[in-house]
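Here's the letter readout for the chains.
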Amino acid sequence: MESSQQRYRSQLETTPWFRGLPIGLRDYLVSHASLVTLERGEFLYRRGEPSDGLYAVLGGALAIGTVGVDGKEALLAVLGPTAWLGEISLFDGLPRPNDAAAVSRTLLLHVPEIALQSVLESTPRYWRDFALLMAQRLRVSFENTEAMTLLPAAQRVANRLLVIAGGYGGLNAPQSRIRISQDSLASMVSLSRQTTNQLLRNLENQRILVLKSGEIAILDFDRLRAASLGDPDP
């Protein structure tokens, strides 16, 4: 009888990182995993907590960020199916570097720390596969930092929408409907909610996207890409 975890195997393999793993490692991760469900607003982990393994998003979405002592939120990403996360603490053994909270009801696959350490001790070459996941995330982080520094506000918003819809360079599956509030998007691009709303309305008026409650639906990726480059006539 097929386990509940195995039922999600084909979904996991839609993401380039998991699909590119050696078959033995893919088998191991799925067979040693369990399912976890979070309700909207529930934290998967908080910054400073000890690592308890890797997670893959199977349904819903996780907001990755940190809330400062002044209550100000620094939102880094909103990860949907089938993003993997948690590999940083696997490498350095330090506590979680940020918060991860459910944006909506979210289903996750959890591979515990003890299982990961066991397979890495028995097969050290697998360290490279997890390093590739971390390198992919680091590359996206550098690109986002560059965009934040160099792009004007309108291009910054369009660029970040493209990054999210494109799955953060392959970290999760591409999507045309982004489950994110305007407040959260404003936090990600370091703009006020008012400015972010106006820039989104401009894109909506051009029929590049449609705004809904807690969701942004992309209608025209080519024109959104042109907007991210500052090209008014793609």
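Before reading further, recall that the structure is shown in the block above.
Predicted model only: the values in this text are computed from it and were never measured.

(A) Representation of the pattern of salt bridges in the model. This model, assessed by the stated rule, comprises eleven salt bridges. A salt bridge links Arg 96 to Asp 52, with the shortest nitrogen-to-oxygen separation between them at 2.8 Å. With a gap of 44 residues between them, Arg 96 in the loop between α4 (87-92) and β7 (99-102) and Asp 52 in the loop between β2 (43-45) and β3 (53-59) connect regions that are remote in the sequence. Arg 96 gets classed as buried once you look at its relative accessible area, which sits at 3%. Linked through salt bridges whose partners overlap, the residues forming this network are Arg 9, Glu 13, Arg 26 and Asp 27.

(B) Just helix α7 (residues 153-165), in detail. For α7, built from 13 residues, the straight-helix expectation of 18 Å at 1.5 Å per residue is met to within 8% by its first-to-last C-alpha distance of 18 Å. Most of α7 sits out of view: eleven of its 13 residues are buried. All buried positions along α7 are accounted for by Gln 155, Arg 156, Val 157, Ala 158, Asn 159, Arg 160, Leu 161, Leu 162, Val 163, Ile 164 and Ala 165. At the exit of α7 stands Gly 167, carrying a positive phi of roughly 85°.

(C) Examining the side chain of Arg 160 more closely. Here Arg 160 shows up in helix α7. Glu 143 is the oppositely charged side chain nearest to the buried, salt-bridge-free Arg 160, at an N-O distance of 9.6 Å. Here Arg 160 is in contact with Leu 76, Asn 144, Met 148, Leu 185, Met 188 and Val 189, once residues within four sequence places are set aside.

(D) Spotlight on helix α9 (residues 193-205). Its 13 residues place the ends of α9 18 Å apart at the C-alpha level, agreeing with the 18 Å of an ideal helix rising 1.5 Å per residue. Along its buried surface, α9 packs onto α7, α8 (182-188), β10 (209-212), β11 (215-218) and α10 (221-228). Positive backbone phi, at 60°, marks Arg 207, one or two positions downstream of α9.

(E) Spotlight on the nonpolar core. Of all hydrophobic cores here, the largest spans 67 residues; its most connected members are Leu 29, Trp 84, Leu 85, Phe 130, Leu 161, Tyr 168 and Ile 216. If one sorts the elements of this core by residue count, α7 sits on top with seven residues. Structurally, this core is a two-domain feature, drawing no fewer than three residues from each of domain 1 (6-128) and domain 2 (142-229). When neighbours within four sequence positions are excluded, Leu 29 is seen to be in contact with Trp 17, Phe 18, Leu 21, Trp 84, Val 111, Leu 116 and Phe 130.

Parameters at a glance
- Note on numbering: residues in each chain are counted from 1, in written sequence order.
- Owing to the predicted nature of the model, reporting of local features is limited to residues with pLDDT of at least 70; listing and counting of side-chain atom pairs is limited to 80 or more, with chain, interface and lining totals taken over all residues.
- For the side-chain quantities, the full set of heavy atoms in the structure was used; hydrogens and water were omitted.
- For salt bridges, the criterion is a side-chain nitrogen of Lys or Arg within 4 Å of an Asp or Glu carboxyl oxygen.
- A helix here means a DSSP run of H or I that spans at least four residues, while a strand means a run of E at least two residues long, and both kinds are numbered starting from the N terminus.
- Only protein chains enter the accessibility calculation, which uses a 1.4 Å probe; a residue is then buried when its area is under 20% of its type maximum, exposed when over 50%, and partly exposed in between.
- To estimate how far a helix should reach, multiply one less than its number of residues by 1.5 Å.
- Positive residues here are Lys and Arg, negative ones are Asp and Glu, while His and the chain termini are left out of the count.
- By the convention used here, residues are in contact when the closest approach between their heavy atoms is within 4.5 Å.
- Take the buried residues of types Ala, Val, Leu, Ile, Met, Phe, Trp, Tyr and Cys, join any two whose side-chain atoms come within 4.5 Å, and each joined set is a nonpolar core.
- Note that the domain bounds were set by an automatic or database domain assignment.

Remember that the coordinates give geometry; whether it matters functionally is a separate question.
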